[in-house]
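A look at the structure
Each chain, letter by letter, is given below.
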Amino acid sequence: MSRHQISVSIDRLRGKRADAGPTRRMPGDDRSCPKCESHFRADEMERNCYVCAVCGYHFPMTARQRLDHLSGGAGWEEIGGELRAADPLRFIDLQPYTERVQAAEAKGATEAIIAASLEIEGRPCVVAAMDFAFLGGSMGSVVGERFARAAEVAVAQNVPLISITSSGGARMQEGVLALMQMAKSIVALDELAQAGLPFLMVLAHPTTGGVWASFASLGDVTYAEPGALIAFSGPRVIEQTTREKLPADFGLAERQYDHGHVDAVVDRRDLPRRLAHLMMILEQPPRDEAQSLASQLAQNGTERAARMAQALPSLTRRFRGQSESSSAGEVSGS
Ligand SMILES: [Zn+2]
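So, here is what we can say about the structure in this document. Computed from a predicted model, the values in this text were never measured in an experiment. (Residues numbered from 1 in each chain as written. Predicted model: local features only at pLDDT ≥ 70, side-chain atom pairs only at ≥ 80, totals over all residues. Heavy atoms only, no water.)

Turning our eyes to something else, we now look at the environment of Ala 115. Relative to the helices and strands, Ala 115 resides in strand β2 (residues 113-120). When its relative accessible area of 0% is taken as the criterion, Ala 115 is described as buried. Separated by 36 residues in the primary sequence, Ala 115 and Ile 79 have C-alpha atoms spaced 5.3 Å apart. Sequence-distant contacts of Ala 115, that is, excluding residues within four places in its chain, are made with Glu 77, Glu 78, Ile 79, Val 127, Ala 128, Arg 146 and Ala 150. (Helix = DSSP H or I, 4+ residues; strand = E, 2+ residues; numbered from the N terminus. Buried < 20%, exposed > 50% of the residue type's maximum accessible area, 1.4 Å probe, protein only. Contact = heavy atoms within 4.5 Å.)

What follows is the structure in structure tokens.
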């Protein structure tokens, strides 16, 4: 075969590459916007909650950054932070599972979820935030356990539970133990529901697989970040399986909103205010008030029963007979 010169750029052929406009995104550069190619300094990124100030593109955020953002820098108390992944299957793919976990831990996170109690604009709550940077935000036994403990703490403290998801699904290295976390997280939410406490969901990019198929789709109110992919399978997998072209906006937050799967698409910079407002709307009356209301109702019920008994002579006779026998100190053995 003859050798052809391969020209990759018309600009380069025309000698225009040097003045090609805005700074190009470099591979691995996490401060250049992949949508509009604007570049930001680290402090600008942090101040703007990792959202592109030009086009509104939402960059990934770690779980710690999310908790700092929601708490307004006032701090948070971690739940289940001591839990670490075990390797019961001794799983090895291209690399042993334990080595993958160690490499992920070296980047700063201890697992793909961090749960903490904190206050959002003065409203106490428990937040479980996921971290895609830790093994693709995959749900293993530690993620399930930390989520369940977060729900338990929310019930104990009588506060709402909020979760921010960013996950590729169940962690394959933990096999069926990872899949069991789907059921576990749902049971934890059932206990929260029985306590009459709200579960608020924020779907960040991407929320897929076992996480979307379990607790992430069970929010009493569900918000999504702009441009987030929310689907059981990603478009690439579906296209490869069905050999059909999917629409460009398949599974995106805006499309999910159009189809009623999410309640609102919320800019990350507005999340603390929106969540605090939601908690204010859903807030229960204090427990003392609820108990006094219950005792009032019980009292009314007794009075009504007494009135009914007086209105019905036959019942009254039986009622009198019972009350006289009990006042005479005769206690039946049954
Ligand atoms: Zn941008």
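All right, on to the coordination of the zinc ion then. Looking at the metal site, the zinc ion is ligated by Cys 33 (SG), Cys 36 (SG), Cys 52 (SG) and Cys 55 (SG), spaced 2.3 Å from it. One way to put it: the four donor atoms around the zinc ion meet at angles of 104 to 114 degrees, and that makes the site tetrahedral. In terms of primary sequence, the donors binding the zinc ion are separated according to C-x2-C-x15-C-x2-C. Residue Cys 33 is located in the loop between α1 (10-13) and α2 (42-47), and its partner Cys 55 is located in the loop between α2 and α3 (63-70); the two are separated by 22 residues in the primary sequence. Under the relative-accessibility criterion, Cys 33 is labelled buried at 0%. The exposure class of Cys 55 is partly exposed, given its relative accessible area of 29%. (Donors = N, O, S within 2.8 Å, 3.2 Å for Na, K, Ca; no water. Tetrahedral: all angles 85-135°; square planar, octahedral: opposite > 155°, others 65-115°.)

On to the pairing of strand β6 (residues 221-224), then. Alternating residues of β6 divide into Val 221 and Tyr 223 and Thr 222 and Ala 224, and every residue in both groups is buried. Sheet topology note: the strand β5 (residues 199-208)/β6 ladder contains four bridges and is parallel. By the bridge assignment, Leu 200 is partnered in β6 with Val 221. Pairing geometry for β6 and strand β8 (residues 264-265), over two bridges, is parallel. Paired with Tyr 223 across the two strands is Ala 264, which belongs to β8. (Pairing = 2+ DSSP bridges.)

The next thing to look at is a nonpolar patch on the surface. On the surface, Val 176, Leu 179 and Met 180 cluster together into a nonpolar patch covering about 300 Å² of accessible area. If you trace the backbone, Met 180 turns up in helix α6 (residues 175-194). (Patch = residues over 30% accessible without salt bridge, like charges linked within 9 Å, V, L, I, M, F, W, Y side chains within 5 Å. Areas by Shrake-Rupley, 256 points an atom, 1.4 Å probe, with all protein chains shown as cover. Salt bridge = Lys/Arg side-chain N within 4 Å of Asp/Glu carboxyl O.)

For the rest of this paragraph, the subject is α6. Relative to the 28 Å expected for 20 residues at 1.5 Å per residue, α6 spans 30 Å between its end C-alpha atoms, a close match to the ideal helical length. What α6 keeps buried is the set Ala 178, Gln 181, Met 182, Ser 185, Ala 188, Leu 189 and Leu 192. Elements that come into contact with the buried residues of α6 comprise α5 (141-157), β4 (161-167), β5 and α7 (209-212). At the C-terminal side of α6, Gly 196 shows a positive phi close to 75 degrees. (Expected span 1.5 Å × (residues − 1).)

Formed by 38 residues in total, the largest nonpolar core has its most connected members in Phe 147, Leu 161, Phe 199, Leu 203, Phe 215 and Ile 230. At the level of secondary structure, the elements contributing two or more residues to this core comprise α4 (97-105), β2, β3 (123-130), α5, α6, β5 and α7. Residue contributions to this core peak at six residues, all from α5. Apart from residues no more than four positions distant in its own chain, Phe 215 is found in contact with Met 130, Met 139, Phe 147, Ser 163, Thr 165, Ser 185, Leu 189, Phe 199 and Met 201. Among the nonpolar cores identified, the runner-up in size contains 24 residues, and Ala 116, Ala 129, Ile 162 and Ala 204 belong to it. (Core = buried A, V, L, I, M, F, W, Y, C linked by side-chain atoms within 4.5 Å.)

Positionally, Ile 164 belongs in strand β4. The buried category is assigned to Ile 164, whose relative accessible area is 1%. Measuring from C-alpha to C-alpha, the distance between Ile 164 and Leu 67 comes to 9.8 Å, with 97 residues separating the pair along the chain. When neighbours within four sequence positions are excluded, Ile 164 is seen to be in contact with Arg 66, Leu 70, Ala 128, Ala 129, Met 130, Val 202 and Ala 204.

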